[in-house]
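So you can see what is in the structure, the chains are spelled out below.
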Amino acid sequence: MNKVEFKERGWFMLRRNLIVLLFLLATSATQAAGWVDVATYGRYAGWACQLGNENPVGIHIWRDDGVFLGGGNAPNLRERAVANACQTMNAYHGFDITL
């Protein structure tokens, strides 16, 4: 197998196991923001928030075929830019979930 075939096969495998993060919010009209910094087969890290809400949000991690992989909350301290993006005074919106 040459490098191009390996790269394409690797992309297919990644796509097949694509992780979708859903932020569990109180209402469907609520706006959310977030970013995934790390997405490996056993660890997912980044930040997530409900705009204007200081409280941590819950996170569910789903595979693209509908299989629930796990979840957690987003209470970890992040950089000031995250607080700005979340429109909050604090930056406690980070998550680091190990499955």
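I will try to describe carefully the structure that is included in this document.

Reading the values: the criteria
- Residues numbered from 1 in each chain as written.
- Predicted model: local features only at pLDDT ≥ 70, side-chain atom pairs only at ≥ 80, totals over all residues.
- Heavy atoms only, no water.
- Disulfide = S-S within 2.5 Å.
- Helix = DSSP H or I, 4+ residues; strand = E, 2+ residues; numbered from the N terminus.
- Buried < 20%, exposed > 50% of the residue type's maximum accessible area, 1.4 Å probe, protein only.
- Pairing = 2+ DSSP bridges.
- Salt bridge = Lys/Arg side-chain N within 4 Å of Asp/Glu carboxyl O.

## Section: the state of the cysteines
All chains considered together, the criterion is met by one disulfide. Across the disulfide from Cys49 sits Cys86; the S-S distance is 2.1 Å. An S-S torsion of about -100 degrees defines the bridge between Cys49 and Cys86 as left-handed. Remark: Cys86 occurs in helix H2 (residues 80–86) and Cys49 occurs in strand S3 (residues 43–50); sequence separation between them is 37 residues. An identical accessibility class is assigned to Cys49 and Cys86; each is buried.

## Points about the sheet that holds strand S2 (residues 32–39)
Spatial strand order, S2-S3-S7-S6: four strands in an open sheet with antiparallel pairing. At either margin of the open sheet sits one strand with a lone partner, and together these are S2 and strand S6 (76–77). Sheet topology note: the S6/strand S7 (residues 92–98) ladder contains two bridges and is antiparallel. Pairing of Leu77 across the sheet is with Tyr92, part of S7.

## Details of the pattern of salt bridges
Under the counting rule described, the total for this entry stands at four salt bridges. As a salt-bridge pair, Arg78 and Asp37 come within 2.8 Å of each other at their nearest N and O atoms. You can see Arg78 sitting in the loop between S6 and H2 and its partner Asp37 sitting in strand S2, a full 41 residues away along the chain. Note on Arg78: relative accessible area 22%, which makes it partly exposed. Ionic pairing is found between Glu79 and Arg78, a salt bridge with its closest N-O pair at 3.2 Å.

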